[in-house]
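Fold and contact review
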Amino acid sequence: MSAANAILGRPWIWSFLGAGVVWLAAIAFTGGYGGGGMLTAALSLAVFMVVVGVGQMFVITLGPGNVDLSLPANIGLASAVAMKTMAGDDRLVVLGLAAALLSGLAVGVANYLLIWALRIPPIIATMSASFIIQSVDISYGRGLQIKPPPGFADFANIQLLGIPLLAILTALFAWGAHVALHRTVWGRSVTAIGQNIHAARLAGIKVEPARFATYALCGMLGGLNGALLAGYFRGANVDIGNEYLLASIAVVVIGGTSVSGGKANLPGVWGAALFLVLLLTMLNTFGVSAGVRLVATGLIIVAVITAAGGEREAR
Amino acid sequence: MTAPAAPAAWSAGGTDVRRALRAALPALSLALVVAAIAWLNPRAISYFGFTLMLNLAIPIALATMAQMFVIAGNDLDLSIGPFVGFVCCVSATWLRDEPWLGALTLVGCIAIYAALGALIYWRNLPSIVVTLGMSFVWQGLAILLLPKPGGKAPVWLQAAMGVKPPFAPFPILAAALIAAVGWYGLMRTSYGAILRGAGGNALAIRRAGWSLLNAKASLFALAGLFGVLSGMALVGITTSADANIGNGYTLLSIAGVILGGGEFVGGKVSPIGAVLGALTMAMAASPLLTFMRIPPDWQVAANGAILIIVLAARVLISRSEAQP
Amino acid sequence: MASGGSLVEFKGVEKSYGAVRALDGVDFSILERECVGVVGHNGAGKSTLMHVLNGGVRPDAGRLVVAGEEQRAYSSARAKALGLRCVFQELSLCPNLTVAENARVFHPSIRGFGWRRRAGRLILDKLDEIFPGHGVGPGDLVQDLSIGRRQMVEIARAFTVSDAPARLVILDEPTSSLDVRTASQLLAHVRRSVEAGIGCALISHILAEVLETCDRIVVMRDGKIVAADAARNFDRKKLVAAMGGVASETATSSAGLQRGRREEAPVQVRMRPKRQTDGQELIAREGEIVGLAGLAGHGQTDLLLAAFAAASRPRAGAPVAGPVALVAGDRQSDGVFPQWSVSRNIGVRSLKRLRAGPLISPRLERALAESWRQRIKIRTPDVDNPILSLSGGNQQKALFARALASDARIVLMDDPMRGVDYGTKLEVYDLVRAEAAAGRTFLWYTTETEELKNCDRAYVFRDGAIVAELAQGELTEERVIHSSFAEVA
């Protein structure tokens, strides 16, 4: 197999190529101006998509029907929890982060309990949970416009040589998730379950603990994302997570993870996140309105999933 | 030879009771909600009271019917809410100002829904992802059409929704009509049986020579049709439109179908139950909670909670119903 | 029993699935007004023949003449148009529809005003005709019916006629869920229909039924027809002999040539099939290879799955004494992880042991896969290749390696050599015997009686219960077939 084939054969390459194409189109439009700044901004924003994208990726890899629709509400709540706990005090940053993680974890565990104990399909369970979480968030975060502690907000915005620190950390995190996916018992269990849950049971995989861990992790990552978003945008609010539902699923799908489960693609999540963010940036550069952005994002999702197709015919 | 099958009594009395309980669950839930309202605020139980409370029941019932068709085919439509919103916006602008353009658009929307169904079947796509993507498309189109709330519903639509029949509140009559149409179409016609069968055992339907592609496209087209009707009804009531007006309808419609005894797989849905479920959700979604003095912040949660409670109740009933 | 014109005529039909010759040059015919019985042991080719007949399977070679015309583009739609109806074991009713609606599904011409009444009338009349006293109403939801009633509906539906006539009805084990009375009602109806002009092909493992109902009987074995004659020229003994069994009048002797030393070995598995009424248990001791035999689908897999489930709940005096692994027979649905490499497929049952620290070590995993590749001779240049790049037999070897590489002391085998080439089989047999000698216990369900020669003992299953225990010396095909087809008391 030639080198070119070896490179192009990897599915995640396409998302990076797509990102590259979009970036070129954008700077072509601006006449080459601001290309670097665009990349920096894109990296910053992509971070948030990657964090939840990874969580959603693991959930989707569990197999058809598994998806976490409670992410936006989870993020909103976690942002409020984090900010309230930090209370504008730099010394409480770690505590605030921990609180956000716990809040997300609670959401993940609640989702799993609904799915496992009440045998509610994950879509419905997470959707219903999201409404409840939304209410919790509204009443909890009512009124005060909570600002993050200045140190934390700055940290979320630091750049090293034009590359956001958060992006570097997230790249490391993605690499860690990649290792977890391929080299932990849990990661193998998830991909086995997604390929064939019956065969996984017969092969001795502990299915329910693996599913529990996956939903819990996705919840925690949502919590983390909420805290980081609040820091970056210097404030928490209920709607801060709204665009991350479609974004989390989009980066998973566009990045090459199979929606029928069993095949996860971690580098693709980064590539797809960059692609999406740059696409939105490009649309902004062209001066399109919010409506066009929404339509474009939606159509791209439909196009990508159509091109990828559904389950294999076998079985 | 195998063990002899029990001759005549193929269901113990206990199973019958539980099955009857499950079938009656939609009506019971509705009765429960009405009773609660009657207890909290007796004056609400009147012609005027019902008309007011069930104000939004008609669009909700229509959207629930739309969702029911999709669920009958083992899929889920996560875009029905934004779609209803988009139809509202079209109705409040084009349908009023340029009726032929508006009508063409709405018919085109139904065609798009049918095409989506065909696409989902042809490429074996997960309906969650496709409809989630479409939800953003409809949302975006609605925003493009009406960036700010506005528009005005066509006069004839307002008049239709403002009818005041003498004996029973209009929403109740309309709901009964919707239930009747849905019931007849899906449960009584010969092709309706095929559509449901496609959800129950697609392979058997295909082996018998029917086209599953047509079945899927038909189910989605019906969803599109009822979605359009829902949006038109909604704008007839609210008289003006806004791009986000329909967003809650996704969960409401799913909850209505489930409350009405529908199941996510197996092609087991009930049109009458779905309408009853929609009425229950319509009353529980706002009026009941207001009477219960639940703060508006928590009313959103109540919708989610209701769905969970109903599903939990069903699981408990079927666990006790499980074969020995 | 007058016969009419030819309904079906097959000449030289062949069908292979990979290395397996399911049909090896079959000449088969059915005349009008004739009921043909098809009998045979596992793997004889009966089901494949029926699927070719109803258009579901395209043969690799051979000539199909149906209703007097040669069929070149035969399909199930064409078969239906020509008047062929079939009732297979997988029920094809929609559980969420009523009986009448299911009848309508089958007859597209019933529509328009009053369709429900007409469809209901159609199916009810047929049910009354075939199964008087059936207790089924046209408005009953299929999901509410017992399995026996469902089968009645399915059978009755196959005989219903709306526009095109039914000319041939194929029945594959139609009485499997029916009780004695209902089964005899069905067979009586088959005779009546045949006399009225409809042809019938009947597959059944209940020889008494076949002898009583059919005009002609065809015995299949290893993809060929080995005997065919008028039913009156056959009796049970002759049928069993033709299938490869010898009817023995001597009682099954369980004091056989047991390997003496195994008597003292600790019991590893002690299970009783759910349907067992006489207290007989399946016992396997350490180091034994215990076979599960009998006709396919008679409870063997259920027992293996029950043993697998029992092992995950360890307790004192448990039915299963140690960790188990299962080698699946249906690789696609129960075994192979299609996205993974050979190496990962092998290692998946041993993940905990492949760790170096908290993470799985790729080196250890690869080494494990490599060692088993050599030991079990999996033919692949590289264990990191995708599993689907392997041939079927080698994929099966990988599944074996997965089980044997694990810490399992007891290995359950669910007919894993089905469809695997002979050379691979021999290699695997050697390995199983070696592992047993080293102390592992094997429960081996196989549908090929030849394989039982590798076992120390075997239990023959029928209708979900053990009907015979055969000692080593008795593990002949003849004895197994005899027990499988033994007369019900």
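Small disclaimer: the values here were computed from a predicted structure and weren't measured. (Residues numbered from 1 in each chain as written. Chains lettered and ligands numbered in written order. Predicted model: local features only at pLDDT ≥ 70, side-chain atom pairs only at ≥ 80, totals over all residues. Heavy atoms only, no water.)

Time to look at the overall build of chain B. Scanning chain B from N- to C-terminus turns up 16 helices and zero strands. Whereas a compact globule of 324 residues would reach a radius of gyration of roughly 20 Å, chain B reaches 21 Å, a difference of no more than 12%. Based on the C-alpha atoms only, the size of chain B along its principal axes is roughly 75 × 50 × 35 Å. Within the span of chain B, comprising 324 residues, buried residues form 56% of the whole. Counted over contacts in chain B with a minimum sequence separation of 6, partners at least 24 positions apart contribute 78%. Summed over its atoms, the accessible surface of chain B is roughly 13,100 Å², and 71% of this surface lies on carbon and sulfur atoms. Taken together, the 18 basic and 9 acidic charged side chains of chain B have centroids lying 7 Å from each other. (Helix = DSSP H or I, 4+ residues; strand = E, 2+ residues; numbered from the N terminus. Rg over C-alpha atoms; globule rule 2.2 N^0.38 Å. Buried < 20%, exposed > 50% of the residue type's maximum accessible area, 1.4 Å probe, protein only. Contact = heavy atoms within 4.5 Å. Areas by Shrake-Rupley, 256 points an atom, 1.4 Å probe, with all protein chains shown as cover. Lys, Arg positive; Asp, Glu negative; His and termini not counted. Charge placed at Lys NZ, Arg CZ, Asp CG, Glu CD.)

Quick look at the environment of L470(C) now. All names here are of chain C. With respect to the element layout, L470 can be found in strand β20 (residues 465-470). The exposure class of L470 is buried, given its relative accessible area of 0%. A sequence separation of 13 residues divides L470 from R457, and the C-alpha atoms of the two residues are 5.8 Å apart.

Time to look at helix α3 (residues 99-106) of chain C. Most of α3(C) is tucked away, with eight of its eight residues classed as buried. The set of residues buried in α3(C) consists of V99(C), A100(C), E101(C), N102(C), A103(C), R104(C), V105(C) and F106(C).

Quick look at the sheet that holds strand β19 (residues 457-462) of chain C now. All names here are of chain C. Sheet architecture is open: six strands sit in the order β14-β17-β18-β13-β19-β20, paired in mixed fashion. The two strands at the open ends of the sheet, each matched to only one other strand, are β14 (324-327) and β20. Ignoring which end each strand starts from, the neighbouring axes of this sheet average 20° apart. Bridge count for β19 against β20 is five bridges, and the pairing is antiparallel. Paired with R462 across the bridge in β20 is A465. (Pairing = 2+ DSSP bridges. Axes fitted to C-alpha atoms, helices over the stretch in contact; angles between N-to-C directions.)

Before going further, it helps to examine the sheet that holds strand β7 (residues 168-172) of chain C. Hydrogen bonds along the backbone pair up the strands of a sheet, which may run parallel or antiparallel. Residue and element names in this part refer to chain C. Read from one edge of the open sheet, six strands run β6-β7-β8-β3-β9-β10, paired in mixed fashion. What marks the edges here is a single partner per strand, and that holds for β6 (84-87) and β10 (224-230). Each strand axis lies, on average, 15° off the axis of its neighbour in the sheet, ignoring direction. Relative to β10, strand β9 (residues 216-221) runs antiparallel, the two being bridged by six bridges. Paired with R221 across the bridge in β10 is K224. Running over the sheet, helix α5 (residues 147-159) touches β6 and β7 and is turned about 175° from β6.

Attention now goes to the packing of helix α12 (residues 362-376) of chain C against helix α14 (residues 422-437) of chain C. Residues and elements named next belong to chain C. Between α12 and α14, the least distance of the axes is 10 Å, while the angle of their chain directions is 110°. In terms of axis orientation, α12 runs roughly perpendicular to α14. Taking contact as the criterion, the partners of W372, R375 and I376 in α12 are, on α14, E427, L431 and E435. In terms of residue class, the contact of α12 with α14 is made up of three nonpolar, no polar and three charged. (Parallel < 35°, antiparallel > 145°, perpendicular 65-115°, else oblique. Nonpolar A, V, L, I, M, F, W, Y, C, P; charged D, E, K, R; others polar.)

Right, let's get into the pattern of salt bridges. All names here are of chain C. For the coordinates displayed, the defined rule picks out 38 salt bridges over all chains. Measuring nitrogen to oxygen at the nearest pair gives 2.7 Å for the salt bridge that ties R440 to E435. An identical accessibility class is assigned to R440 and E435; each is buried. Among the charged side chains, a salt-bridge network with shared partners connects E14, R21, D24 and K224. (Salt bridge = Lys/Arg side-chain N within 4 Å of Asp/Glu carboxyl O.)

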